[in-house]
There are 2 protein chains.
Amino acid sequence: MHNIDLLSDLKVKVDTKILLFVMDGLGGLPGPGGLTELEAAKTPNLDALAKKGVSGLIDPVARGITPGSGPGHLGLFGYNPLEHMIGRGALEAAGIGFDLQRKDVATRFNFCTLDKNGNITDRRAGRISTDINKKMVEKMRNISLPGIEVFVETVKEHRGIAIFRKEGLKGNLHDTDPQRLGVPPLKAVTSDGGKSQEMADHANLWLAKVYEVLKNESPANGILTRGWCNYPEIPTYQEVYGLNPACIALYPMYRGVAQFAGMKVYTEGIKDFATKVDVLKNVWGDHDFFFFHYKHTDSAGEDGDFNRKVACIEEVDQALPCILENKPDVIAITGDHSTPSVIKAHSWHPVPILMAGTYIRPDAVSSFGERAAISGGLGRFNACYIINELLAAGGRITKYGA
Amino acid sequence: MHNIDLLSDLKVKVDTKILLFVMDGLGGLPGPGGLTELEAAKTPNLDALAKKGVSGLIDPVARGITPGSGPGHLGLFGYNPLEHMIGRGALEAAGIGFDLQRKDVATRFNFCTLDKNGNITDRRAGRISTDINKKMVEKMRNISLPGIEVFVETVKEHRGIAIFRKEGLKGNLHDTDPQRLGVPPLKAVTSDGGKSQEMADHANLWLAKVYEVLKNESPANGILTRGWCNYPEIPTYQEVYGLNPACIALYPMYRGVAQFAGMKVYTEGIKDFATKVDVLKNVWGDHDFFFFHYKHTDSAGEDGDFNRKVACIEEVDQALPCILENKPDVIAITGDHSTPSVIKAHSWHPVPILMAGTYIRPDAVSSFGERAAISGGLGRFNACYIINELLAAGGRITKYGA
């Protein structure tokens with residue numbers, strides 16, 4: 001029996017409130033002083049919570065696996081990222097804030113360069129600038145197809161997305177990117193034995209018109225599609241847990257994944273961390289689960305700025321008392337992956353987590369940090385089981401069997 | 001490959017003896033003094049064993065899941081409770097000590113109240129007393145069916161069980177409880193595409209006779225059945241491990257699950273903990289695996305009596321030297337779930353475990369307690385792998401692969 005099905009079977013309705021506070025890229029590695037960013041930061045409030053609560057380490061996807069932000073958040077939300085895959089087209093759409101609908105089919109595409117025979121000479125069209133991309137996209141937006149709506153959006157540099165909107169459309173197509181040079185782009189064909197033939201027909205007609213529209217452009221005179229998919233079919237928090245969840249996050253990617261999970265996404269009035277804390281307070285009465293996201297730890301790590309990451313963690317620590325004034329019955333604080341400043345990128349290292357609440361069994365850990373968390377009572381576990389701990393401590397699952 | 005199949009493939013026959021000592025509901029939460037029941041108890045003998053051996057924490061079913069006693073014991077016995085489900089009818093039969101046979105089909109039932117049109121007005125017949133239940137059951141026992149034996153037993157209040165005994169009978173039926181009021185009870189229908197049609201026919205005939213026999217009673221003038229099943233098909237200890245196991249437990253539920261696992265159940269002469277210790281000693285020469293169960297830790301926890309739970313743990317500690325005189329080659333001491341006094345119920349918190357034996361690799365843990373166990377060498381793991389550790393330390397599984 002899958003974990004989500006088990007939790008769904010056991011769910012009970014109570015009025016406890018759960019707060020999942022995600023500090024993006026929280027985990028780190030020792031800097032020059034021998035301490036990690038989290039260990040070096042002065043965090044009296046986080047430490048007090050760690051002392052009162054229980055700590056541990058999570059593997060967002062699996063041991064040794066460096067997660068992208070999509071899988072990282074899927075794991076935090078209780079979905080095994082290896083079982084519940086969100087199609088790349090949908091993830092990219094979420095990532096740029098496109099309001100994907102349940103009837104949509106989405107695909108990513110790269111602009112590419114084709115020679116006079118239609119063979120690919122550059123799969124990324126010399127990595128054109130985002131500005132040039134936008135001009136190409138404008139041209140593509142003039143294309144219309146009979147009986148179906150099409151949306152084209154710039155992502156960045158040579159990357160874009162296309163969305164096809166029609167009720168009942170199935171989007172299981174193979175990539176049209178042949179992944180090599182000297183051959184033409186592939187035709188769109190179904191990957192589900194013909195069930196998505198309607199989409200394949202629309203796609204081929206559309207692609208022919210795209211090549212026509214771009215034929216005199218240089219270097220971006222073609223496109224290669226990848227990651228065709230429908231709206232992600234992941235069970236929502238309402239369906240499986242009976243929760244009414246809210247997402248307070250500024251960046252589109254996390255908002256997108258949260259939306260797929262059924263969360264109500266709040267963006268209005270959010271300008272920075274302080275206004276985010278305000279919004280949390282304002283909507284506290286309307287929900288029972290809150291995904292609250294802090295981004296800057298990750299950005300600082302990606303920039304390789306150890307001291308700025310330390311400062312970000314300290315900013316969160318100072319705001320913690322204000323956040324706790326909402327009185328969550330259970331709170332978990334963790335990250336979606338590690339972003340050590342010395343690596344300047346996401347990494348595979350497990351992420352510290354702390355939990356506090358009424359019926360949490362405390363451990364001997366008295367500070368929030370990577371090394372301290374090793375001896376925490378939660379142990380080291382896969383992120384997709386955080387939801388089990390949260391629901392249990394929130395009194396939201398009943399006994400299994402007599 | 002499933003764990004049980006792996007262990008079965010690797011089993012070797014040696015004459016070591018394994019003792020699995022289960023203190024029911026052992027795990028706890030801090031009481032007024034900040035220590036858990038196990039931490040507060042004076043346990044010099046358990047502490048000495050923890051010092052000599054290896055400790056850890058188990059999740060009986062899965063992280064965050066509060067187990068009933070049935071799944072809790074299945075896990076301890078090495079069966080993944082999410083894969084090896086014991087039908088509720090069989091579990092209830094075990095729970096009241098009914099001697100279920102391999103050819104039996106069992107179902108639970110509730111007495112209910114029907115109005116003059118045969119529609120349900122109360123699914124629990126006003127929660128009648130056990131005494132009234134017994135009178136109704138007496139009437140139902142007068143019903144006979146052609147070609148099949150039927151047994152009816154009171155469980156408690158409005159609950160009972162019925163057992164149908166006939167060689168080759170398949171018991172996959174849907175509940176006849178429609179789970180709502182204002183409609184009549186459902187007919188018995190098969191849930192396996194008709195393979196259990198014979199049982200469905202017997203059930204419908206029997207139910208018609210039950211309604212006839214009870215029609216003038218009030219408020220219990222009908223029954224609703226739930227949890228139809230055959231004798232549980234779990235592989236026995238003899239089959240998979242080549243063990244000859246014994247169960248020394250006083251309460252029917254655990255004896256039932258043990259019996260399903262193939263254990264010889266000893267009850268004669270058991271009046272209390274002291275006589276249980278005697279029986280263990282008496283049958284020590286006849287078996288190589290012993291499931292030894294202590295109940296009172298759970299009862300004290302369920303009663304919310306912190307001090308009594310402490311006293312129970314101390315009672316066990318004092319008896320430990322006597323138990324160890326049997327010289328098990330491997331001993332594990334743990335619980336089937338936590339029952340913290342402050343919660344007064346089963347809980348999801350992981351349960352401490354300690355193991356000792358000849359080839360156990362010791363850790364730095366020097367006392368038996370929830371917080372001490374966190375840093376134990378066994379780590380935190382699923383209870384169904386305890387059997388791996390026991391068999392390994394008992395020299396009962398050989399090398400995997402060349």
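Everything numeric here is computed off the predicted structure, so don't read it as measured data.

Visitor: I would appreciate a short explanation of the sheet that holds strand E11 (residues 330–334) of chain A in the present structure.
Guide: Within a sheet, each strand pairs with its neighbour through backbone hydrogen bonds, oriented either parallel or antiparallel. All names here are of chain A. What the eight strands build is an open sheet, ordered E9-E8-E10-E1-E11-E12-E2-E13; its pairing is mixed. Among the strands making up the open sheet, the edge pair consists of strand E9 (264–266) and strand E13 (379–382). Ignoring strand direction, the axes of neighbouring strands in this sheet form an average angle of 25 degrees. As judged from the five bridges shared by strand E2 (residues 54–59) and strand E12 (residues 351–357), these two strands associate in the antiparallel manner. Of the residues in E12, the one forming a bridge with Ile-58 is Val-351. Together, E2, E11 and E12 form the strand contacts of helix H3 (residues 44–52), whose direction differs from that of E12 by roughly 70 degrees. Packing against the sheet, helix H10 (residues 273–283) makes contact with strand E8 (245–248), E9 and strand E10 (289–294), and its axis sits at approximately 165 degrees to E8.

Visitor: Is there a simple way to explain the sheet that holds strand E9 (residues 264–266) of chain B in this structure?
Guide: Residue and element names in this part refer to chain B. A sheet is described by the order of its strands in space; here eight strands give the open sequence E9-E8-E10-E1-E11-E12-E2-E13, paired in mixed fashion. The two strands at the open ends of the sheet, each matched to only one other strand, are E9 and strand E13 (379–382). Within the sheet, the average angular offset between the axes of one strand and its neighbour, ignoring direction, is 25 degrees.

Visitor: Where do I start with the relation of the copies chain B and chain A in this structure?
Guide: Between the two copies of this chain, the relationship is a rotation about some axis together with a displacement along it. Between chain B and chain A, which share one sequence, the superposing operator has a rotation angle of 125 degrees and an axial displacement of 0.2 Å; the RMSD is 0.2 Å. These values place the two chain copies in the arrangement generated by a three-fold rotation axis. Residues of chain B ranked by C-alpha distance from the rotation axis are headed by Ser375(B), positioned 3.4 Å from it. The overlap is low: 7% of the interface residues of chain B also sit at the interface in chain A, so different surfaces are used on the two sides.

Visitor: It is not clear to me how the environment of Pro219(B) should be interpreted in this structure. Could you clarify?
Guide: Residues and elements named next belong to chain B. Mapped onto the elements, Pro-219 comes out in the loop between helix H7 (197–214) and strand E7 (222–230). Residues Pro-219 and Ala-106, spaced 113 residues apart in sequence, show a C-alpha to C-alpha distance of 25 Å. Those residues in contact with Pro-219 that lie beyond four places of it in its chain are Thr-113, Asp-122, Ala-125, Gly-126 and Ile-128.

Visitor: How should the nonpolar core be read in this particular structure?
Guide: Nonpolar side chains in soluble globular proteins tend to be buried together. Within the largest apolar cluster, 119 residues are counted, with the highest numbers of intra-cluster contacts made by Leu20(A), Ala332(A) and Met355(A). For this core, the element with the highest residue contribution is helix H7 (residues 197–214) of chain A, accounting for seven residues. In terms of nonpolar packing, the next biggest core, distinct from the first, is built from 113 residues, Ile4(B), Met23(B), Val316(B) and Ile331(B) among them.

Visitor: Can you help me understand the interface of chain B and chain A in this one?
Guide: For interface size, the figure often reported is the accessible area lost on association. Every contact between the two is made by 28 residues of chain B and, on the other side, 22 residues of chain A. Grouping the constituent residues of the side of chain B that touches chain A by class yields 13 nonpolar, 10 polar and five charged.

Visitor: What exactly am I supposed to notice about the domain arrangement of chain A here?
Guide: Residues and elements named next belong to chain A. Splitting chain A by domain gives domain 1 (3–84 + 235–393) and domain 2 (91–230). Computed from C-alpha atoms alone, the centre-to-centre distance between domain 1 and domain 2 is 35 Å. Each side of the interface is counted separately: domain 1 has six residues, and domain 2 has five residues. Of all the elements, helix H9 (residues 252–260) adds the most residues to the side of domain 1 that touches domain 2, at five residues. Tallied by class, residues from the side of domain 1 that touches domain 2 come to three nonpolar, three polar and no charged.

Visitor: Looking at this structure, I do not really get the packing of helix H3 (residues 44–52) of chain B against helix H12 (residues 306–324) of chain B. What am I missing?
Guide: Two quantities define a packed helix pair, namely the angle between the axes and the distance from one axis to the other. Residue and element names in this part refer to chain B. Put simply, H3 and H12 touch, their axes get as near as 7 Å, and they point 60 degrees apart. On the basis of the axis angle, H3 is oblique to H12. In this structure, H3 uses Pro-44, Asn-45 and Leu-46 to contact H12, whose residues at the interface are Asp-317, Leu-320 and Pro-321. Residue composition of the contact of H3 with H12, by class: four nonpolar, one polar and one charged.

Visitor: Can you walk me through the packing of helix H6 (residues 130–140) of chain A against H7(A) in this structure?
Guide: All names here are of chain A. Contact geometry of H6 with H7 gives a least axis separation of 9 Å together with a crossing angle of 120 degrees. One way to sum up the angle between H6 and H7 is to call them oblique. Considering how the two elements wind past one another, H6 and H7 form a crossing that is right-handed. Residues Met-136, Lys-139 and Met-140 of H6 pack against Val-210, Val-213 and Leu-214 of H7. The residue inventory of the contact of H6 with H7, partitioned by class, reads five nonpolar, no polar and one charged.

Visitor: What is the right way to look at helix H6 (residues 130–140) of chain B in this model?
Guide: Because an α-helix completes one turn every 3.6 residues, residues spaced three or four positions apart along the sequence face the same direction. Residue and element names in this part refer to chain B. Buried within H6 we find Asn-133, Met-136 and Met-140. The buried residues of H6 occupy an angular sector of 65 degrees when the element is viewed end-on, so they sit on one face. Exposed residues on H6 whose side chains face more than 90 degrees from its buried face are Asp-131, Lys-134 and Glu-138. Contacts made by the buried residues of H6 are with strand E3 (104–114), strand E5 (149–156), strand E6 (159–165) and H7.

Visitor: Teacher, can you tell me more about helix H12 (residues 306–324) of chain A here?
Guide: Residues and elements named next belong to chain A. Its 19 residues place the ends of H12 27 Å apart at the C-alpha level, agreeing with the 27 Å of an ideal helix rising 1.5 Å per residue. Maximum bend of H12: about 35 degrees, positioned at Gln-318, with proline Pro-321 one to four residues after it. Among the residues of H12, Phe-306, Lys-309, Val-310, Cys-312, Ile-313, Val-316 and Ile-323 are the ones counted as buried. Looking at the packing, one finds that the buried side of H12 touches strand E1 (18–23), helix H2 (37–40), H10, E10 and helix H11 (296–302).

Visitor: Can you help me understand the environment of Leu35(B) in this one?
Guide: Residue and element names in this part refer to chain B. Looking at the element boundaries, Leu-35 is found in the loop between strand E1 (18–23) and helix H2 (37–40). On a C-alpha basis, the gap between Leu-35 and Gly-369 in space is 9.4 Å, while along the polypeptide they are 334 residues apart. For Leu-35, the contacting residues outside a window of four places in its chain are Pro-30 and Ala-40.

Visitor: Explanation requested: unusual backbone geometry in the structure shown.
Guide: Excluding glycine, a negative phi dihedral is what most residues carry, and trans is how most peptide bonds are arranged. Residues and elements named next belong to chain A. Pro-219 follows Ser-218 through a cis peptide bond whose omega is 5 degrees. Positive phi, close to 65 degrees, is recorded for Gln-179, a residue that is not glycine. On the secondary structure map, Gln-179 appears in the loop between strand E6 (159–165) and H7. Given 11 C-beta atoms within a 10 Å radius, Gln-179 is considered exposed. A positive phi is found at Lys-344, a non-glycine position, where the angle reads about 60 degrees. Looking at the secondary structure, you find Lys-344 in the loop between E11 and E12.

Visitor: Where do I start with the pairing of E6(B) in this structure?
Guide: Each regular strand carries side chains that alternate between the two faces of the sheet. Residues and elements named next belong to chain B. Taking burial as the measure, the seven residues of E6 include six buried ones, the bulk of the element. Note that E3 and E6 share seven bridges and pair antiparallel. Note on E6: the bridge partner recorded for Arg-108 is Ile-161. Here E5 runs beside E6; their pairing, made up of seven bridges, is antiparallel. The residue bridging Glu-153 from the neighbouring strand is Ile-161, located in E6. Between E5 and E6, which pair antiparallel and follow one another directly, the connecting turn spans two residues, one of which, Glu-157, has a positive phi of 50 degrees.

Reading guide: rules and limits
- Residues numbered from 1 in each chain as written.
- Chains lettered and ligands numbered in written order.
- Predicted model: local features only at pLDDT ≥ 70, side-chain atom pairs only at ≥ 80, totals over all residues.
- Pairing = 2+ DSSP bridges.
- Helix = DSSP H or I, 4+ residues; strand = E, 2+ residues; numbered from the N terminus.
- Axes fitted to C-alpha atoms, helices over the stretch in contact; angles between N-to-C directions.
- Contact = placed C-beta atoms within 7 Å.
- Least-squares fit on C-alpha atoms with pLDDT ≥ 70 in both.
- Core = buried A, V, L, I, M, F, W, Y, C linked by C-beta atoms within 7 Å.
- Buried ≥ 20, exposed ≤ 12 C-beta atoms within 10 Å, placed from the backbone.
- Nonpolar A, V, L, I, M, F, W, Y, C, P; charged D, E, K, R; others polar.
- Domains from an automatic or database assignment.
- Parallel < 35°, antiparallel > 145°, perpendicular 65-115°, else oblique.
- Left-handed = near helix turned anticlockwise from the far one by under 90°.
- Arc of directions from axis to C-beta.
- Expected span 1.5 Å × (residues − 1).
- Bend = angle between axes of the 7 residues up to and from the residue.

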